Amino acid sequence: MAPLYLRHRSSLEHDTGLHPERADGIRALEAALDARDWLGWTVADAPRASEEQLLRVHSREHLERVRGACARGEPLDPDTPVVPAS
């Protein structure tokens, strides 16, 4: 079975400025993979996670903290920038 690369266009809206985790990195990675026919990987759009799925792996408090930080455009910690689109 081929490896699976899940992606979603909303990832490109996570504008972190010059932080290493930024849309330009995703674009560069995907361009390199595309030039190599994705190395045989299967490419698919990632489905949106439901609240129930998120709560299986994160506490409600954590989800609310992340949602609040994104809404305010405040970093989650010194190395995790977020914006409202995150």
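Located above this text is the structure these notes cover.
Residues numbered from 1 in each chain as written. Predicted model: local features only at pLDDT ≥ 70, side-chain atom pairs only at ≥ 80, totals over all residues. Heavy atoms only, no water.

Draft legend 1. Examining the overall build of the chain more closely. Helix and strand counts for the chain come out as three helices and two strands. Here the chain has a C-alpha radius of gyration of 15 Å; the compact-globule value for 86 residues is 12 Å, and the former is much larger. With the principal axes as the frame, the chain shows a C-alpha extent of 40 × 30 × 15 Å. The 86 residues of the chain split such that 16% are buried. Put simply, 51% of the contacts in the chain that link residues at least 6 apart link residues at least 24 apart. Here the chain displays about 6,600 Å² of accessible surface, and carbon together with sulfur accounts for 55% of that area. Counting 11 positive and 15 negative side-chain charges, the chain places the centres of these two groups 2 Å from one another. (Helix = DSSP H or I, 4+ residues; strand = E, 2+ residues; numbered from the N terminus. Rg over C-alpha atoms; globule rule 2.2 N^0.38 Å. Buried < 20%, exposed > 50% of the residue type's maximum accessible area, 1.4 Å probe, protein only. Contact = heavy atoms within 4.5 Å. Areas by Shrake-Rupley, 256 points an atom, 1.4 Å probe, with all protein chains shown as cover. Lys, Arg positive; Asp, Glu negative; His and termini not counted. Charge placed at Lys NZ, Arg CZ, Asp CG, Glu CD.)

Draft legend 2. Seen up close, the pairing of strand E2 (residues 42-45). Of the strand pairs in this sheet, strand E1 (residues 4-7) and E2 are connected by four bridges, and their pairing is parallel. Paired with Tyr-5 across the strands is Val-43, a residue of E2. Handedness of the crossover joining E1 and E2 through helix H1 (residues 23-35): right-handed. (Pairing = 2+ DSSP bridges. Right-handed = clockwise from strand over helix to strand, strands pointing away.)

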